[in-house]
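Residue strings, one per chain:
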Amino acid sequence: DITELRKAENVRREFVANVSHELKTPLTSIKGYAETLLEGAIDDPKHNRAFLQTIQQHANDLARLIDDVLDLSTIEAARVAYRFEPVALKEVVDRIVTALGPMAKGKKVTITTDLPETLPRVRADREKLAQIVMNLVDNAIKFNKPEGVVHVAAETHGKELRLQVKDSGRGIPAEDIPRIFERFYRGNKDRSHEIPGTGLGLAIVKHLVEAHQGTVQVESTPGKGSIFSIVFPIAP
């Protein structure tokens, strides 16, 4: 099917172009600061440490981007070996909330949870489920506002369990919602680089949720916040 081949080629080209663009900014910064240090700033005690910290930060950004690109390519190529088992969602959420506590505190964001001890276990790969929760809560913190709140809750619906991650942040414009799970799509281009991230987190979430035979949806009101809802099958 020539149409499908052309579509696949366009997707590949767009992906390569996006990766190249995301790599260029930190690489340009690293190159510039390294050259400045070599030209003599290394001997300037007022600036040398700050320059090295900036290089380190951009190197970390590159590492995260590469990790996410490798993760996504592996997931999309169906090369992930999932280990499905009954998993207690509350245990996973509590672990992620604890891990992201320092980040939330630094952003002056409060994380609250409502996951009853009686929740049934879900059929999931424990580490991939943790990756889903990590990406959603991380985003909810990053795109929140000072003194904002992130609320993680779950409840059963028949043979399914619904997890919700709600934030009180900037929200997502209606025109961006249909594309929010696309690779590198961050919306609001004027402010897209104010907040660190690779733009791949939600694409990874969508693929992982679908691999768990689940669904993911988002509701959002600009200026008030967003709610990401994931439905998982309950373990038999």
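First, a word on scope: everything that follows refers to the structure included in this document.

Conventions adopted
- Residues numbered from 1 in each chain as written.
- Predicted model: local features only at pLDDT ≥ 70, side-chain atom pairs only at ≥ 80, totals over all residues.
- Heavy atoms only, no water.
- Helix = DSSP H or I, 4+ residues; strand = E, 2+ residues; numbered from the N terminus.
- Buried < 20%, exposed > 50% of the residue type's maximum accessible area, 1.4 Å probe, protein only.
- Contact = heavy atoms within 4.5 Å.
- Areas by Shrake-Rupley, 256 points an atom, 1.4 Å probe, with all protein chains shown as cover.
- Pairing = 2+ DSSP bridges.
- Axes fitted to C-alpha atoms, helices over the stretch in contact; angles between N-to-C directions.
- Phe/Tyr/Trp six-rings, centres within 6.5 Å; stacked < 30°, edge-to-face > 60°.
- Lys NZ or Arg CZ within 6 Å of the ring centre and 35° of its normal.
- Parallel < 35°, antiparallel > 145°, perpendicular 65-115°, else oblique.
- Left-handed = near helix turned anticlockwise from the far one by under 90°.
- Nonpolar A, V, L, I, M, F, W, Y, C, P; charged D, E, K, R; others polar.
- Expected span 1.5 Å × (residues − 1).
- Bend = angle between axes of the 7 residues up to and from the residue.
- Salt bridge = Lys/Arg side-chain N within 4 Å of Asp/Glu carboxyl O.

### Brief notes about the overall build of the chain
Reasoning step 1: Each helix and strand in the chain was counted, giving five helices and seven strands.
Reasoning step 2: Mapped in sequence order, the helices and strands of the chain form the string α-α-β-α-β-β-α-β-β-α-β-β.
Reasoning step 3: The 236 residues of the chain split such that 40% are buried.
Reasoning step 4: Pairs at least 24 apart in sequence give 72% of the contacts found in the chain among residues at least 6 apart.
Reasoning step 5: For the chain, the exposed surface amounts to about 13,900 Å²; the carbon and sulfur share of it is 53%.

### Things to note about the sheet that holds strand E2 (residues 110-114)
Reasoning step 1: On the basis of which strands lie adjacent, the open sheet formed by five strands has the order E2-E4-E5-E7-E6 and mixed pairing. Among the strands making up the open sheet, the edge pair consists of E2 and strand E6 (215-221). With direction set aside, neighbouring strand axes in the sheet form an average angle of 15 degrees.
Reasoning step 2: Pairing between E6 and strand E7 (residues 225-233): seven bridges, direction antiparallel. Note that in E7 the partner of Ser220 across the bridge is Ser226.

### Comments concerning the pairing of E7
Reasoning step 1: The element E7 is largely enclosed, with a buried count of eight among its nine residues.
Reasoning step 2: Both strand E5 (residues 160-167) and E7 contribute to a ladder of seven bridges, which runs antiparallel. Bridging from a neighbouring strand, Leu161 pairs with Phe232 of E7.
Reasoning step 3: What sits between E6 and E7 in their antiparallel hairpin is a turn of three residues, with Gly223 showing a positive phi close to 90 degrees.

### What to know about the packing of aromatic side chains
Reasoning step 1: One pass over the full model with this rule turns up three aromatic pairs.
Reasoning step 2: With centroids separated by 6.2 Å and ring planes inclined at 90 degrees, the aromatic side chains of Phe181 and Phe228 adopt a geometry described as edge-to-face. Placement of the pair is Phe181 in the loop between E5 and helix H5 (201-211) and Phe228 in strand E7, with a sequence separation of 47 residues.
Reasoning step 3: Under the relative-accessibility criterion, Phe228 is labelled buried at 9%.
Reasoning step 4: The ring of Phe84 has Arg123 lying over it, and the distance from NZ or CZ to the ring centre is 4.0 Å.

### With respect to the packing of helix H2 (residues 48-76) against H5
Each pair of packed helices can be summarised by the angle the axes make with each other and by the distance between the axes.
Reasoning step 1: Following both chains from N to C, one finds H2 and H5 inclined at 30 degrees, their axes separated by 10 Å at the closest point. By the angle between their directions, the pair H2 and H5 is classed as roughly parallel. Read as a crossing pair, H2 and H5 show a hand that is left-handed. Of the residues in H5, those touching H2 at Asp68, Asp71, Leu72, Ile75 and Glu76 are Ala203, Ile204, His207 and Leu208.
Reasoning step 2: Class assignment for the residues of the contact of H2 with H5 results in five nonpolar, one polar and three charged.

### Observations concerning helix H3 (residues 89-106)
Reasoning step 1: Taking 1.5 Å as the rise per residue, H3 with 18 residues should run 26 Å; its terminal C-alpha atoms sit 26 Å apart, in good agreement.
Reasoning step 2: The principal kink in H3, of about 50 degrees, is found at Leu100, preceding the proline Pro102 by one to four residues.
Reasoning step 3: Every buried residue belonging to H3 is among Leu89, Val92, Val93, Ile96, Val97, Leu100 and Ala104, and all of these are buried.
Reasoning step 4: If you follow the buried residues of H3, they end up packed against strand E1 (84-87), E2, helix H4 (126-142), strand E4 (149-157) and E5.
Reasoning step 5: Residue Lys108 follows H3 closely and has a positive phi angle near 60 degrees.

### Notes on the packing of H3 against H4
Reasoning step 1: The N-to-C vectors of H3 and H4 enclose an angle of 40 degrees; their axes lie 9 Å apart at closest approach. In terms of orientation, H3 and H4 fall into the oblique class. Where H3 crosses over H4, the handedness of that crossing is right-handed. In this structure, H3 contributes Leu89, Glu91, Val92, Val93, Arg95, Ile96, Leu100, Met103 and Ala104 to the contact, and H4 contributes Arg126, Glu127, Leu129, Ala130, Val133, Met134, Val137, Asp138, Ile141 and Lys142.

### Focus: the pattern of salt bridges
Reasoning step 1: Within the structure shown, the criterion is met by seven salt bridges.
Reasoning step 2: Taking the shortest distance from any N to any O, the salt bridge between Glu35 and Lys31 comes out at 2.7 Å. Here Glu35 and its partner Lys31 are both found in helix H1 (residues 2-38), four residues apart, which amounts to about one turn of the helix.
Reasoning step 3: A relative accessible area of 52% places Lys31 in the exposed class.
Reasoning step 4: Among the salt bridges present, the one from Arg179 reaches Glu182, with a minimum N-O distance of 3.0 Å.
Reasoning step 5: Under the relative-accessibility criterion, Glu182 is labelled partly exposed at 32%.

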